Amino acid sequence: MKRFILILMVVFISYVSKPVWEEPVQEIIPSSVKDSVLSIVDYGKDYLNNNFSLDKLNYQFNSLFTTSDNPSLNSKDTNIDSPKLTVPKDHLLSIDNIELGESRDEVEQKIGKPKRTSKNEYGVSWVTYHEDYHGFIMITYDENNKVWGLFTNQDLIASSTEIKLGSSKDLVQKELGAPKRNLRKGLINYQVNNNETYDIFQINNSYITIFYDKHENNTVTAIQVINKEMEQNKDALFTKSSPELKEGFEYQLFDLTNATRVKHGLSILKWDEKVSKTAQNHSLDMAENHYFSHVNLQGKSLSDRMKEDNISFSTAGENLAYGQFSSIFAHEGLMNSLGHRKNILQESYKQLGVGVAFNKDSQPYYTENFYSDLPYP
């Protein structure tokens, strides 16, 4: 009887910990260029009282289809040499020729100083390196400043196999074998619910997560490599919430979004403190009141919430995610959801704010608010 109850508990926990971005999250603002125009027209009523002309509205509409004329904002015009990747010496995979176990001094001699340090779900920090989000890599160090974790979603992956960015899922599984179906945290075995968008492999002393892009024929789009000891030290699926982890998840999701935009030849979004507060308030409201929707319990949409916060915009969009235990998993999942992907890769957006909040079980709610207040000629 006790065994039967334990099995039921494991099944229940696996179910409730399932990431969410299915039906409720398909309502995206805007989900298409048509919706972008509608949001401009709707919000234009407020601008009309301030001489908001039809010529300006037409300029905004046309701008949705063009890339910024400012070279400093357009990653296509940034001349940064791609690194010469070499076969890793001691491990299956390396990122930007960096392997687990290297010292921080060695790393920073190769790639320079970090741009940001932020708390992660392993109780340590992701240290982020890039040049205007080109050559984007996140590294975790242990207490001795040795590399414990690596992540990239750019063409920085080298392997002693044939695996690289853009490899097929079939090739990955041929090279690495069957992925893990369960992860043990504390006394509980959790079933890996990957929605076929990532695989986790345990190889020697590391856990390797390979993310796939189902909109690009299920090819490799990002890789995370985690030291076995660090993964096993994480004794729960969801890390206990803290202000530091909240801030870490927010900045990580922001950086991941910009690194993805650069990879797709788009301009970098600016962090916007005002709309970040809008996003933070919505995440907190969802976490405290146990709902998951773009419309809050008072019936207010993103547009309503931004107006309340005195944010002027020509077009705006929102991505929500819930139930992912890190910003990496949240971002990669959003990229595999077409409406969310359109927001992340929307050329017209210029600003982004990110808000994260945790419920009583330390499960994070992620809100991304994108918008543009385009200049006029």
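Shown above is the structure to which this text applies.
Residues numbered from 1 in each chain as written. Predicted model: local features only at pLDDT ≥ 70, side-chain atom pairs only at ≥ 80, totals over all residues. Heavy atoms only, no water.

Participant: Give me the environment of D213: which residues, what numbers.
Facilitator: Within the secondary structure, D213 is located in strand β10 (residues 206-213). D213 gets classed as buried once you look at its relative accessible area, which sits at 3%. For D213 and E196, which are 17 residues apart along the polypeptide, the C-alpha to C-alpha distance reads 9.8 Å. With residues near it in sequence (within four places) discarded, D213 still touches N218, T219, T221, N336 and R341. (Helix = DSSP H or I, 4+ residues; strand = E, 2+ residues; numbered from the N terminus. Buried < 20%, exposed > 50% of the residue type's maximum accessible area, 1.4 Å probe, protein only. Contact = heavy atoms within 4.5 Å.)

Participant: Outline the sheet that holds strand β14 (residues 351-358), supporting the account with residue identities and numerical values.
Facilitator: Read from one edge of the open sheet, four strands run β12-β14-β15-β13, paired in mixed fashion. Of all strands in the sheet, those bounded by a partner on one side alone are β12 (270-271) and β13 (315-322). The pairing of β14 with strand β15 (residues 364-372) spans eight bridges and is classified as antiparallel. When the bridges of β15 are listed, L352 appears paired with F370. The strands touched by helix α7 (residues 243-263) within the sheet are β12, β14 and β15, with β14 carrying the most contacts at an inclination of about 145 degrees. Of the strands in this sheet, β12, β13, β14 and β15 touch helix α8 (residues 273-289), which is tilted by about 25 degrees from β14. (Pairing = 2+ DSSP bridges. Axes fitted to C-alpha atoms, helices over the stretch in contact; angles between N-to-C directions.)

Participant: Could you give an account of the pairing of β10, naming the residues involved and the relevant values?
Facilitator: Side-chain direction in a regular strand flips from residue to residue, so the side chains alternate between the two faces of the sheet. Among the eight residues that make up β10, eight are buried, leaving the element largely enclosed by the rest of the structure. Burial along β10 is two-sided: S206, I208, I210 and Y212 facing one way and Y207, T209, F211 and D213 facing the other are all buried. As paired strands, strand β9 (residues 198-203) and β10 are joined by six bridges and run antiparallel to one another. Across the sheet, Q202 pairs through a bridge with Y207, a residue of β10. Hairpin remark: β9 followed by β10, antiparallel, with two residues in the connecting loop; positive phi at N204, about 55 degrees. Here β10 folds back onto strand β11 (residues 219-227) in antiparallel fashion, the turn holding five residues, of which N217 has a positive phi close to 60 degrees.

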